[in-house]
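The residues making up each chain are set out below.
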Amino acid sequence: MPQILMDRSGEMEVFVRVVHEGGFSAAARSLDITPSAVSKLIGRLETRLGARLLMRTTRALALTEEGQAYHHAALRILQDLADAEEAASGGAIRGRLRVNTTIPFGTMFVAPAMPQFLKGNPSLIVDLSFTDGIVDLVAEKTDVAIRMGDLPDSGLVARKLGQSRRVVCAAPSYIERHGPPETPADLQHHDCLTFNFRRSRPSWPFLLDRRDHQQPVAGSLIVNNGETMKQMVLAGTGIARLGLFHVADDLEAGRLVPLLEEFNPNDLELIHAIYVGGGPLPQKARAFIDFMTHILRDVPALKAEPKA
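Residues numbered from 1 in each chain as written. Predicted model: local features only at pLDDT ≥ 70, side-chain atom pairs only at ≥ 80, totals over all residues. Heavy atoms only, no water.

S.K.: Help me out: how do you make sense of the packing of helix H7 (residues 226-234) against helix H8 (residues 244-253) in this one?
M.R.: When two helices pack together, you describe them by how their axes are tilted relative to each other and by the distance separating the axes. At their nearest, the axes of H7 and H8 sit 11 Å apart, and the two run at 25 degrees to each other. It follows from the interaxial angle that H7 and H8 lie roughly parallel. The handedness of the crossing between H7 and H8 is right-handed. Each of Gly226, Glu227, Lys230 and Leu234 in H7 lies in contact with H8, whose residues at this interface are His246, Val247 and Asp250. (Axes fitted to C-alpha atoms, helices over the stretch in contact; angles between N-to-C directions. Helix = DSSP H or I, 4+ residues; strand = E, 2+ residues; numbered from the N terminus. Parallel < 35°, antiparallel > 145°, perpendicular 65-115°, else oblique. Left-handed = near helix turned anticlockwise from the far one by under 90°. Contact = heavy atoms within 4.5 Å.)

Laid out in structure tokens, this is it:
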């Protein structure tokens, strides 16, 4: 079992993790130590400081006034320590970086950029996972995840990488067989392909008479990732709603045709790099996020703005 250094910086790291995770047990799991070890460390810290830092009940944990001050100072000190170690190591980034992103985004942008990133960081091992499902960054020990769309309210920190319009589209072969929908309501008579990781009833947003409208959709195929969805749409299976960054080349080449654009002016999908907060951002994660920000800044499909 990994050992936490029993010094002041180690105490700070444990304390910061307890605050971020909201409890001793959750912090222990993320640190891979026992809850009793976390409790003893926090108790020793409070005894040494002569102050109570945390108010603990059976259901909640809250910072005292002294705890808030110590937490703020601890974050600053831990960041200073990380910066000092970086300077002492000559700026070399070492260790394993675990990155998770969606299959379309990972295939189109992350994987092609990896050779350049690794060339600049030869002491780093990058562990890539591509999945369109939502992952628990703490449970999966993921350093950085790149996610599309609105983010749930959580303790995660997000950095915007770009944004892309979503477009309703179909292959010419499908339109030849079924004709194009003229209004969003016409979609009830079409084969609309959807994702199986959506919890709510499948529906697509449109603008009708200057008002937001959710149009229920259904079809013969439900999939778990955007790349499979695109291949099915290209094959003429049905109509789909996909990120413009994912299908921009197919639209330009005529392999796909945009539909109902006059009803769909503001359907934007935000793209964020997310990571666990509550402490200093590790150098390896910061380097990756900065690198991807640089790579993506000139991609036209990721700078899309709403239509007027």
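From this point, things continue past the structure.
S.K.: I would appreciate a short explanation of unusual backbone geometry in the present structure.
M.R.: Generally, phi is negative for residues other than glycine and the peptide bonds are trans, each holding for most cases. The phi torsion at Arg210 lies on the positive side, around 65 degrees, for a residue other than glycine. Within the secondary structure, Arg210 sits in the loop between strand S8 (203-208) and strand S9 (211-216). Despite not being glycine, Leu260 has its phi angle at roughly 55 degrees, a positive value. Along the chain, Leu260 falls in the loop between strand S12 (257-258) and strand S13 (268-276).

S.K.: Just to check I follow, could you spell out the environment of Ala158 for this structure?
M.R.: Relative to the elements of secondary structure, Ala158 occurs in strand S6 (residues 156-170). Residue class for Ala158 comes out partly exposed when judged on its relative accessible area of 40%. C-alpha separation for the pair Ala158 and His272, spaced 114 residues apart in sequence, amounts to 5.9 Å. Ignoring any residue separated from it by four or fewer positions in sequence, one finds Ala158 in contact with Leu151, His272, Ala273 and Ile274. (Buried < 20%, exposed > 50% of the residue type's maximum accessible area, 1.4 Å probe, protein only.)

S.K.: Please explain the side chain of Lys284 as it appears in this structure.
M.R.: Of note, Lys284 is situated in helix H9 (residues 283-296). Within polar-contact distance, the side chain of Lys284 engages the backbone oxygen of Arg96 at 2.5 Å. (Polar contact = N/O pair within 3.5 Å; in protein donor to acceptor, adjacent residues only side chain to side chain.)

S.K.: I would appreciate a short explanation of the packing of helix H2 (residues 24-31) against helix H3 (residues 35-49) in the present structure.
M.R.: Between H2 and H3, the least distance of the axes is 8 Å, while the angle of their chain directions is 110 degrees. Our classification of the angle between H2 and H3 gives roughly perpendicular. Classified by chirality, the crossing of H3 by H2 is right-handed. Along its contact with H2, which presents Phe24, Ser25 and Ala28, the element H3 presents Pro35, Val38, Ser39 and Ile42. Residue composition of the contact of H2 with H3, by class: five nonpolar, two polar and no charged. (Nonpolar A, V, L, I, M, F, W, Y, C, P; charged D, E, K, R; others polar.)

S.K.: How should I be thinking about the pairing of S9 in this particular structure?
M.R.: Here S8 runs beside S9; their pairing, made up of six bridges, is antiparallel. From the neighbouring strand, Ser203 faces S9, where its bridge partner is Pro216. Two successive antiparallel strands, S8 and S9, enclose a turn made up of two residues, where Asp209 displays a positive phi of approximately 55 degrees. (Pairing = 2+ DSSP bridges.)

S.K.: So what exactly am I meant to see when it comes to the pattern of salt bridges here?
M.R.: Side chains carrying opposite charge are able to pair once their charged atoms draw close together. A complete count under the given rule lists ten salt bridges for this structure. In this structure, Arg44 and Glu11 form a salt bridge, with 3.0 Å as the shortest nitrogen-oxygen distance. In this pair, Arg44 sits in helix H3 while Glu11 sits in helix H1 (residues 8-21), placing the two residues 33 residues apart along the sequence. In this structure Glu11 comes out as buried when scored by relative accessible area, which is 5%. A salt bridge links Glu269 to Arg166; the shortest N-O distance between them is 3.1 Å. Taken together, the residues Glu269 in strand S13 and Arg166 in strand S6 connect sequence positions 103 residues apart. Connected via shared salt-bridge partners are Glu11, Arg44 and Arg48. (Salt bridge = Lys/Arg side-chain N within 4 Å of Asp/Glu carboxyl O.)

S.K.: For this particular structure, what's the right way to read helix H5 (residues 103-120)?
M.R.: In this model H5 runs 24 Å from its N-terminal to its C-terminal C-alpha over 18 residues, within 8% of the 26 Å that 1.5 Å per residue would give. Taken as a whole, H5 carries its principal kink of about 45 degrees at Met114; the proline Pro115 stands between one and four residues after it. (Expected span 1.5 Å × (residues − 1). Bend = angle between axes of the 7 residues up to and from the residue.)

S.K.: Just to check I follow, could you spell out the nonpolar core for this structure?
M.R.: Side chains of a nonpolar character, in soluble globular proteins, are inclined to be buried together. Grouped together as the largest cluster of nonpolar side chains are 29 residues, with contacts concentrated most on Phe105 and Phe288. For this core, the secondary-structure elements that each account for two or more residues are strand S3 (95-101), H5, strand S4 (124-130), strand S5 (144-148), S13 and H9. Apart from residues no more than four positions distant in its own chain, Phe288 is found in contact with Leu97, Val99, Val110, Met114, Phe117, Val144 and Ile146. Core analysis: the second largest hydrophobic core is formed by 19 residues, Ile33, Val38, Leu45 and Ala74 among them. (Core = buried A, V, L, I, M, F, W, Y, C linked by side-chain atoms within 4.5 Å.)

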